[in-house]
Amino acid sequence: MNTKLSVNVNKIALLRNSRGGNVPNVVQFAKDCERFGADGITVHPRLDERHITRDDVYALKEVVTTEFNIEGYPSEDFIQMVLDVKPTQCTLVPDAPDQLTSDHGWDTLKHEAFLRDVIRELQKSGIRVSLFIDPVRALLEGAIKTETDRIEFYTGPYAHDYSLNREEAVKSFALAAQWCDELQLGVNAGHDLSLQNLRYFREQLPNLMEVSIGHALVNDCLYLGLQNVVSMYKRELGTL
Ligand code: PXP
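Residues numbered from 1 in each chain as written. Predicted model: local features only at pLDDT ≥ 70, side-chain atom pairs only at ≥ 80, totals over all residues. Heavy atoms only, no water.

1. Quick notes on the overall build of the protein chain
Then, in step 1: Regarding its fold elements, the protein chain presents 10 helices and eight strands.
Then, in step 2: Among the 240 residues that make up the protein chain, the fraction classed as buried is 48%.
Then, in step 3: A sequence separation of at least 24 residues applies to 65% of the contacts in the protein chain between residues at least 6 apart.
Then, in step 4: Total accessible area on the protein chain stands at roughly 12600 Å², and carbon and sulfur atoms take up 52% of it.
Then, in step 5: Mean positive and mean negative side-chain charge positions of the protein chain (25 and 35 charges, respectively) differ by 4 Å. (Helix = DSSP H or I, 4+ residues; strand = E, 2+ residues; numbered from the N terminus. Buried < 20%, exposed > 50% of the residue type's maximum accessible area, 1.4 Å probe, protein only. Contact = heavy atoms within 4.5 Å. Areas by Shrake-Rupley, 256 points an atom, 1.4 Å probe, with all protein chains shown as cover. Lys, Arg positive; Asp, Glu negative; His and termini not counted. Charge placed at Lys NZ, Arg CZ, Asp CG, Glu CD.)

Written out as C-alpha cells, the structure reads:
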C-alpha cells in the first residue's frame, strides 16, 4: 500500500502569528507542499487560534486540491466549522482546550456513544472520519462500535523509544495495525514522525494509509535550507 503524506501546517501559522502580517503565507505554503508532491494538508485549529485560525481553515479549503484533513476536539463550534468546510477527512482528537500538543488517544469505550453521534453527523456530510487512538485492542474494538472509518495511531511513544530499541518501540503498533486489518479499520498515524523513524514505521505497518507530519518536517525545511539561505544573504551583502 502507498502511504500518503499529509503535511501539517500548524507550525507555519505559528511562525506567522509571532510577527503579525502574513509571512510566511500559510496558504502559499500549503499550495507549494502540494506542488512538491504532498498528498494532503492537515490543520489542527485550536480554540485560542495560537497557530491555525478559523480564517485559515476557510482559506485553505479554497485552495487545497489534494486531501484536506482537519483535526480537533469535537466541540459544537468545531463540528459546525467542519460541516461548513467539508474536508476530505476529520480526525477527532481528545484534546483539552489548553493542551500544548496531543499526547494520548480517545478512550473509545468511555466515549463510545458521544463519538458515534459525532461521527454519524460528519459522515452524513460525506466527510471521512478518523479517531486518534493508542494501539490497544480494547480501544480498537471500541472504535469499531463508533463506526469510524479510520483510526490515527498516536505515535509519540514510538518516536520517543525508537532510538532505544526500534523493534520494541514498533511492536504494539504493528500488532494493532494487524487487528485493524481484521476489523476493517483504515490506519493513519501521526505525532513526532520524522526522517529518522518514518521508514521503519512504514515498513512494519504494511496497511498504513496516511501519515500527518508537521514539527519534524518544518524543522527539516529550516535545516536543509540553512546553508543555501545564509549564502544568499551573504551574497546580498557582497561578502561572499
Ligand atoms: N496528529 C495529531 C492528532 C496531532 O495533534 C499532531 C500535532 O498537531 C500531529 C498528528 C502531527 O504531529 P507532529 O507535528 O509531531 O508531526
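Additional details are given in the paragraphs that follow.
2. Brief notes about the packing of aromatic side chains
Aromatic ring pairs are described here by two measures, namely the spacing of the ring centres and the angle between the planes.
Then, in step 1: All chains considered together, the criterion is met by nine aromatic pairs.
Then, in step 2: Aromatic pair Tyr 158 and Phe 173: ring centres 6.2 Å apart, planes at 70°, arrangement edge-to-face. Pair noted here: Tyr 158 is in helix 7 (residues 156-161) and Phe 173 is in helix 8 (residues 166-183), with a separation of 15 residues, a long-range link.
Then, in step 3: With 6.2 Å between their ring centres and 65° between their planes, Tyr 162 and Tyr 200 make a pair best called edge-to-face. Note that Tyr 162 is positioned in the loop between helix 7 and helix 8 and Tyr 200 in helix 9 (residues 198-204), a separation of 38 residues in sequence.
Then, in step 4: The ring of Tyr 200 has Arg 166 lying over it, and the distance from NZ or CZ to the ring centre is 4.0 Å. (Phe/Tyr/Trp six-rings, centres within 6.5 Å; stacked < 30°, edge-to-face > 60°. Lys NZ or Arg CZ within 6 Å of the ring centre and 35° of its normal.)

3. What about the sheet that holds strand 5 (residues 128-133)?
Then, in step 1: One closed barrel accounts for eight strands, arranged 1-2-3-4-5-6-7-8; its pairing is parallel. When strand polarity is set aside, the average angle formed by the axes of neighbouring strands in this sheet is 25°.
Then, in step 2: Looking at chain direction, strand 1 (residues 4-8) and strand 8 (residues 208-213) are connected through four bridges and run parallel. Residue pairing in the sheet places Lys 4 in a bridge with Glu 210 of strand 8.
Then, in step 3: The sheet strands contacting helix 6 (residues 137-146) are strand 5 and strand 6 (150-154), and the helix crosses strand 5 at an angle near 155°.
Then, in step 4: Sheet strands touched by helix 8: strand 6 and strand 7 (186-190). Its angle to strand 6, the strand with the most contacts, is close to 175°. (Pairing = 2+ DSSP bridges. Axes fitted to C-alpha atoms, helices over the stretch in contact; angles between N-to-C directions.)

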